[in-house]
Amino acid sequence: MVKSDIFFMNEAIRLSIKSVKDGGGPFGAVIVKNGKIIAKASNSVTKDNDPTAHAEVNALRLAAKKIKNFDLNGCIVYSSCEPCPMCLAAIYWAKIDRLFFANTKTDAKKIGFDDFFIYDELELPYEKRKMKVTQMMRNKALEAFRNWDNKEDKIQY
């Protein structure tokens, strides 16, 4: 860890503290590329009525718009808390190089942000999950996959 890592994490933590004051959740995230902040955001789930508006996802969206690319290879995420399963998946999908976090998922659980049930649910077969899950119309839906597979000018991601 270098001095700049501490600077960037301090900014993520500052955003999380400010978010609480502004009516958002206690989470902040900063995305850095080539030693410069390209995006920063806090949690705005309740402010935006958007269950996906976590700090990391908000920051990823801003970063992708700024660099005009969905591939954030070469970027680093600094998060005030260990990312939830959704945010962690988004970070992987964005091809982020490195992740730093401050608070742990156990710290988050202690204040009511418990994501452990999601990890548990993903391990269960569909019929044993709390949310009813039904697969249907697969054969029809496969048409889009075949079209994608045969598309010569597709942009892989």
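On a predicted model such as this, the values are computed, not experimentally measured, just so you know. (Residues numbered from 1 in each chain as written. Predicted model: local features only at pLDDT ≥ 70, side-chain atom pairs only at ≥ 80, totals over all residues. Heavy atoms only, no water.)

Trainee: Could you give an account of the overall build of the protein chain, naming the residues involved and the relevant values?
Mentor: Along the backbone of the protein chain there are seven helices and four strands. The secondary structure elements of the protein chain, listed N-terminal to C-terminal, are α-β-β-α-α-β-α-β-α-α-α. C-alpha extents for the protein chain along the principal axes are approximately 50 × 40 × 30 Å. By the burial criterion, 29% of the 157 residues in the protein chain qualify as buried. Averaging the locations of the 26 positively and 20 negatively charged side chains of the protein chain gives two centres separated by 4 Å. (Helix = DSSP H or I, 4+ residues; strand = E, 2+ residues; numbered from the N terminus. Buried < 20%, exposed > 50% of the residue type's maximum accessible area, 1.4 Å probe, protein only. Lys, Arg positive; Asp, Glu negative; His and termini not counted. Charge placed at Lys NZ, Arg CZ, Asp CG, Glu CD.)

Trainee: Explain the pairing of strand E1 (residues 28–33) residue by residue, including any values.
Mentor: Within E1, five of the six residues are buried, which leaves the element mostly enclosed by the surrounding structure. When E1 meets strand E2 (residues 36–42), the two strands line up antiparallel, connected through six bridges. Within E2, the residue paired with Ile31 across the bridge is Ala39. With antiparallel pairing between neighbouring strands as the criterion, E1 and E2 make up a hairpin whose turn holds two residues, including Asn34 at a positive phi of roughly 50°. For E1 and strand E3 (residues 75–81), the ladder comprises five bridges, and the chain directions are antiparallel. Looking at E3, one finds that Val30 is bridged to Tyr78. (Pairing = 2+ DSSP bridges.)

Trainee: So what's going on with unusual backbone geometry? Residues and values would help.
Mentor: A negative phi angle characterises most non-glycine residues, just as the trans form characterises most peptide bonds. Here the phi dihedral of Asn49 falls at roughly 50°; this positive angle occurs in a residue that is not glycine. Its location among the elements puts Asn49 in the loop between helix H2 (45–48) and helix H3 (55–67). The exposure class of Asn49 is exposed, given its relative accessible area of 70%.

Trainee: Outline the environment of Ile155, listing residues and values.
Mentor: Relative to the helices and strands, Ile155 is located in the segment after helix H7 (138–150). Once residues lying within four places of it in the same chain are set aside, the contact partners of Ile155 are Phe70 and Trp148. (Contact = heavy atoms within 4.5 Å.)

Trainee: Provide a residue-level description of the state of the cysteines, including the pertinent values.
Mentor: For the structure on display, the rule yields zero disulfides. Between Cys81, a cysteine without a disulfide, and Cys84, which holds the nearest cysteine sulfur, the sulfur-to-sulfur distance is 9.1 Å. Cys87 takes part in no disulfide bond, and the closest cysteine sulfur to it belongs to Cys84, at a distance of 3.7 Å. (Disulfide = S-S within 2.5 Å.)

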